[in-house]
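# Structure assessment
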Amino acid sequence: MRMRLSQLTVLATALISICPSFAFADTTSTDGEKCRHSISLIGEPKFGADFKNFDWVNPDAPKGGRLRQWANGTFDTLNPVSDKGVKALGLGLIFEELFTSSLDEPSTQYGLIAECASYPDDFSSVTFKLRPEAKFQDGQPVTPEDVIFSFDEAKKINPFYGFYYKNVVKAEKTGDHEVKFTFDSKGNRELPLIVSQLNILPKHYWEGKDASGRQRDLSTTTVEPPLGSGAYKIKSVDTSRKIVYERDPNYWAKDLPVMRGQMNFDTIEYTYYRDRTPAFEDFKTGSIDIWPENQAAAWATQYNFDALKKGYVKKEAFPIKRVAPMQAFVFNLRRKQFQDPRVRQAFNLLFNFEETNSKLFYGLYKRVGSFFENSELQEGGLPQGRELEILNEVKSEIPPEVFTTPWANPVNAAEGDYRKHQQQALKLFEEAGWKISSEPVNDPNCGWFCRFKQTIGLGSASTARALRNADGERMTVEFLLDGDTFERIVMPYIKGLEALGIKASVRVVDSSQYKQREDKRDFDIIIDNFAQSDSPGNEQRDFWGSAAADKDASRNTAGIKNPAIDKLIDKVVFATDRAELVAATHALDRVLLWNYYVVPQWHYPFERLAYWDIFGRPDKQPSQTAGPLQTWWYDADKAKTIEAARAK
């Protein structure tokens, strides 16, 4: 199951004291199957059909105020579906899904646009019963035709959805408020849930014309504020600089139990900055309200400004219980120099995480050692039981070490460890056909007399190491970045590579150019992040599947084409129960690791937030996220107190 792209639930509420109850019992669909108010891939849903609100919200949270945030880079499109352009942050605020996620339960969804869903025991289809009261922001009802349009267009336009919904072959209207999705195979337990995550778009809007009389096109970029069915509308847009959302007072779902206590701000703003420094300065002066901190060094050293000392600003690390993403240096396997796994393994040996963690991160991070870190899905030890049976089916197609050696990152715990890893890396390079030679350095400061002395033996030419293959080609690599955050991390890594004769460099580009180069696979190494859930499934095809390798803008940025991995992905997708899913995911994890497609980086099991003390929040925090945008609210009294104190 995919993670929501922005982790923003599109939710809103009114005060519970003036809300009627919309609770309902599970019913029966036209096919005679139980129509479920919620879907969970891990055990029973926590909240029954008659729940009044989630227990991680304050149902009486006041509405009002604003939340001002920052964004890095630029944006050039408000199109929620197309893979073209750089999307503005917060677009998820405008649109609703058939079902919405619970921020306190992994892989669990509750009815939103659809009040319930039904599916047969063989998981060959899913049918959604739409709420008659569901409406778009222009007052028109959400219909089965809108659902079908949204599915067909998303699958056609965006490669991600093409792979994600690969096994969904048809969407059809089966009643005035009912849509059925038919699957091409049986036994895919995840499909009903991932179809429930479909964002519903207004067909009449996208098939119409804009204010200038031009036909709208869902496949292209646009800066026209789109029509949605969510809690917010776009109030204003300054392309590439700022976007402001305003809460819709006529939001159709404000009284639903899944909405109460959430999306409480009247306006939500995102201001864009070219880099972090000016944005952080604006936060310190109060122009930005909340700051998610992703730099350990900054968290440790930069929070000593006056507003924090006086208590106007708070900083907290919120514990998060979810699968840690695989954040990593990702090789472009389409490049000749990275096609040998021994080369990729050597690069992993040359990344000194422990030194980086100590010098740059104050020892706060843990290195990622799995594509499903921090969960029961993470492989460990040697394969056994059902996992071993699955791996034996592809034994001839995977590295033999899978069966004999537990996978582990190199650890530089003691003095001399990194030197040993350099020697191991050099051996791997040599086995792969790359050897170090000493070559003269062309010194631009060495004039004719300098060169004359070198010729007659009175001067010495400078030499440097160069790693070359049998054809004399130099090992070169460029790290492509879309901001300066990672530059200080990459530079020490580059020095380690250069010590073995690799010509390495870093190139920083803006967000638009970065996305274009990533989508067109015009890079050597990038830093990518593969977020996972507790119920992996169809998205694995887009991450690692062969069919996605040659698709522009797919999530298979590495370009993996491995028949064994394709087979293991199918084992994950068609797992019949939780035990089978865990075994299949262990196998997939192990084979991905032993192929060294990435150099793993690190993770941190907390969300670090600094914020001006002008907010209220529920007593209970959801386990999957700190949820400030979803569950916090503006406290006018706190804001007045701080304003008065600062004015003195």
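Residues numbered from 1 in each chain as written. Predicted model: local features only at pLDDT ≥ 70, side-chain atom pairs only at ≥ 80, totals over all residues. Heavy atoms only, no water.

Let us look at the sheet that holds strand β3 (residues 38-40). Spatially, β3-β6-β5 is the arrangement adopted by the three strands of the open sheet, whose pairing is antiparallel. Each edge of the open sheet is held by one strand with a lone partner, namely β3 and β5 (99-101). Sheet twist, expressed as the mean angle between neighbouring strand axes with direction ignored, is 25°. (Pairing = 2+ DSSP bridges. Helix = DSSP H or I, 4+ residues; strand = E, 2+ residues; numbered from the N terminus. Axes fitted to C-alpha atoms, helices over the stretch in contact; angles between N-to-C directions.)

For the pair helix α18 (residues 563-573) and helix α19 (residues 578-594), the least separation of the axes is 8 Å and the interaxial angle reads 155°. One way to sum up the angle between α18 and α19 is to call them roughly antiparallel. As for the relative orientation of α18 and α19, their crossing is left-handed in sense. For the pair formed by α18 and α19, the contact residues are I565, L568, I569, K571 and V572 on the first element and L581, A584, T585, A587, L588, V591 and L592 on the second. Its residues assigned to classes, the contact of α18 with α19 shows ten nonpolar, one polar and one charged. (Parallel < 35°, antiparallel > 145°, perpendicular 65-115°, else oblique. Left-handed = near helix turned anticlockwise from the far one by under 90°. Contact = heavy atoms within 4.5 Å. Nonpolar A, V, L, I, M, F, W, Y, C, P; charged D, E, K, R; others polar.)

The full count for this structure, using the stated rule, is 57 aromatic pairs. Centroid distance Y251 to W252: 6.2 Å. Interplanar angle 65°. Geometry classified as edge-to-face. A ring pair is formed by F615 and W632, whose centres lie 5.9 Å apart and whose planes are at 50°; its orientation type is tilted. With a gap of 17 residues between them, F615 in strand β26 (residues 615-616) and W632 in the loop between α20 (628-631) and β27 (633-634) connect regions that are remote in the sequence. Residues F615 and W632 agree in their burial class; the two are buried. Through a chain of ring-to-ring contacts, three or more aromatic side chains come together here, namely F329, F351, F353, F361, Y365, F479, F486, Y493, W602, Y604 and F606. Across from the ring centre of Y205, 3.7 Å away, lies the NZ or CZ of R216, which sits over that ring. It is R276 that lies over the ring of F280; its NZ or CZ is 4.7 Å from the centre. (Phe/Tyr/Trp six-rings, centres within 6.5 Å; stacked < 30°, edge-to-face > 60°. Buried < 20%, exposed > 50% of the residue type's maximum accessible area, 1.4 Å probe, protein only. Lys NZ or Arg CZ within 6 Å of the ring centre and 35° of its normal.)

For the structure shown, the criterion picks out 42 salt bridges. A salt bridge links D306 to K310; its shortest N-O distance comes to 3.2 Å. Salt-bridge contacts for D524 lead to R335; the nearest nitrogen and oxygen are separated by 2.7 Å. Note that D524 is positioned in the loop between α15 (511-519) and β22 (525-530) and R335 in the loop between β16 (326-331) and α8 (341-349), a separation of 189 residues in sequence. With relative accessibility at 12%, the residue D524 sits in the buried group. On the accessibility criterion, R335 (25% relative accessible area) is partly exposed. It is possible to trace a salt-bridge network through shared partners that takes in R335, E478, R507, R517, D522 and D524. (Salt bridge = Lys/Arg side-chain N within 4 Å of Asp/Glu carboxyl O.)

Take the pairing of strand β9 (residues 168-175) next. In this structure, β9 lies alongside strand β10 (residues 178-183), joined through six bridges in antiparallel fashion. Bridge assignment links E172 to a residue of β10, and that residue is K180. Linking β9 back to β10 in an antiparallel pair, the connection comprises two residues.

So, on to α15. Buried within α15 we find S511, Y514, R517, E518 and D519. Elements in contact with the buried residues of α15: β4 (66-72), β20 (476-481), β21 (503-508) and β22. Looking one or two residues past α15, R521 carries a phi angle of roughly 65°, positive in sign.

This next bit is on the sheet that holds β9. Taken in spatial order, the four strands line up as β7-β8-β10-β9 in an open sheet, and their pairing is antiparallel. The open sheet has two edge strands with one neighbour each: β7 (114-118) and β9. On average, each strand axis in the sheet is inclined to that of its neighbour by 20°, with strand direction left out of account. Direction of pairing for β7 relative to strand β8 (residues 125-130): antiparallel, over a ladder of four bridges. In the sheet register, A114 faces β8, and the bridge partner there is L130. Those strands touched by helix α1 (residues 144-157) are β8, β9 and β10, and its axis lies near 170° from that of β9.

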